[in-house]
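Chain residues, written in single-letter form:
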Amino acid sequence: MHETEEYQTQAEEEYPPMKPLKIVAISAAALIAIQFVPFGRGHLNPPVTGEPAWDRPETRELFFRGCRDCHSNETIWPWYSNVAPLSWLTALDVSIGREKFNVSEWGRKSRNEGDEAAEEVREGKMPPWFYLPAHPEAKLSIEEKESLAKGLEATFGTKGGHEENGH
Ligand code: HEC
């Protein structure tokens, strides 16, 4: 028993616990250092090569309010997209979002998942919850959501058409 206590005090002398100020300083240095990572700073908006034939102007308007930042090439890059690590998450969201479904590249060869859009809105999956606090304009009322979902259905159809009852 006695021996263990001795070892402990010895260890503490050699490796004293970090002082709060030191932790803050190291964190600040790390936060500054990661700003130099080149990923996520490009903020590219490639050219618009084709848009879907929207069923109504209102559908496009609602889509541009709630979805354009991640599903078009007309992204408005927010201030926090300049600050790592948020810039990394933003860049990742936009690039994956565009890859799945991009209304600025309608008619492209790779799959463009418009036929899932109405369902995503109805199920409340899109826009993602974490997007909303910084984008209050994307928060749609129940009526607006229904109007958008109907418009998306009319514009893009639904996955599996009439066969979509649970299988
Ligand atoms: C903050 C970025 C962001 C916003 C805003 C956003 N999405 Fe997405 N969306 C994504 C990402 C990332 C994915 C792919 C990963 C996933 O499925 O969660 C995706 C996937 C999709 C898909 C493909 C289906 C799937 O799950 O893979 C559809 C359709 C879609 N979104 C529709 C919408 C619609 C409609 C809106 C607006 C009401 C919207 N999204 C708003 C980021 C976003």
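Look up a bit, the structure's there.
Residues numbered from 1 in each chain as written. Predicted model: local features only at pLDDT ≥ 70, side-chain atom pairs only at ≥ 80, totals over all residues.

Topic: the environment of Glu153
Here's step 1: Relative to the assigned elements, Glu153 resides in helix H7 (residues 142-156).
Here's step 2: Taking the C-alpha atoms as reference, Glu153 lies 7.2 Å from Asp115; in sequence the two are 38 residues apart. (Helix = DSSP H or I, 4+ residues; strand = E, 2+ residues; numbered from the N terminus.)

Concerning the site of the ligand
Here's step 1: In the neighbourhood of the ligand, 19 residues make up the surrounding shell, with Cys67, Cys70, Gly97, Met126 and Pro127 lying closest.
Here's step 2: It is helix H5 (residues 86-100) that contributes the most residues to the shell around the ligand, four residues altogether.
Here's step 3: Among the residues forming the shell around the ligand, the class breakdown is ten nonpolar, three polar and six charged. (Near = placed C-beta within 6 Å. Nonpolar A, V, L, I, M, F, W, Y, C, P; charged D, E, K, R; others polar.)

Remarks on unusual backbone geometry
Backbone geometry follows two general trends: most residues other than glycine have a negative phi, and most peptide bonds adopt the trans configuration.
Here's step 1: Between Ala84 and Pro85 the backbone carries a cis peptide bond, its omega angle lying at 5 degrees.
Here's step 2: Residues Met126 and Pro127 are joined by a peptide bond in cis, for which omega reads -5 degrees.
Here's step 3: Mapped onto the elements, Pro127 comes out in the loop between helix H6 (117-122) and H7.
Here's step 4: Of note, His43 is a non-glycine position whose phi angle comes to about 50 degrees, a positive value.
Here's step 5: One can find His43 in the loop between helix H2 (20-34) and helix H3 (57-66).

Remarks on the environment of Val121
Here's step 1: By secondary structure assignment, the location of Val121 is in helix H6.
Here's step 2: Judged by the 26 C-beta atoms lying within 10 Å of it, Val121 falls in the buried class.
Here's step 3: As a C-alpha pair, Val121 and Leu152 span 31 residues in sequence and 9.2 Å in three-dimensional space.
Here's step 4: Sequence-distant contacts of Val121, defined by excluding residues within four places in its chain, comprise Met126, Lys145, Leu148, Ala149 and Leu152. (Buried ≥ 20, exposed ≤ 12 C-beta atoms within 10 Å, placed from the backbone. Contact = placed C-beta atoms within 7 Å.)

Here we look at the nonpolar core
The tendency in soluble globular proteins is for nonpolar side chains to be buried side by side.
Here's step 1: Of all hydrophobic cores here, the largest spans 15 residues; its most connected members are Phe63, Ala117, Ala118, Val121, Leu148, Ala149 and Leu152.
Here's step 2: Listing elements by their share of this core, those giving two or more residues are H3, H6 and H7.
Here's step 3: Of the residues forming this core, the biggest block, four residues, is contributed by H7.
Here's step 4: Apart from the residues within four sequence positions on either side, Phe63 is in contact with Arg68, Val103 and Leu148. (Core = buried A, V, L, I, M, F, W, Y, C linked by C-beta atoms within 7 Å.)

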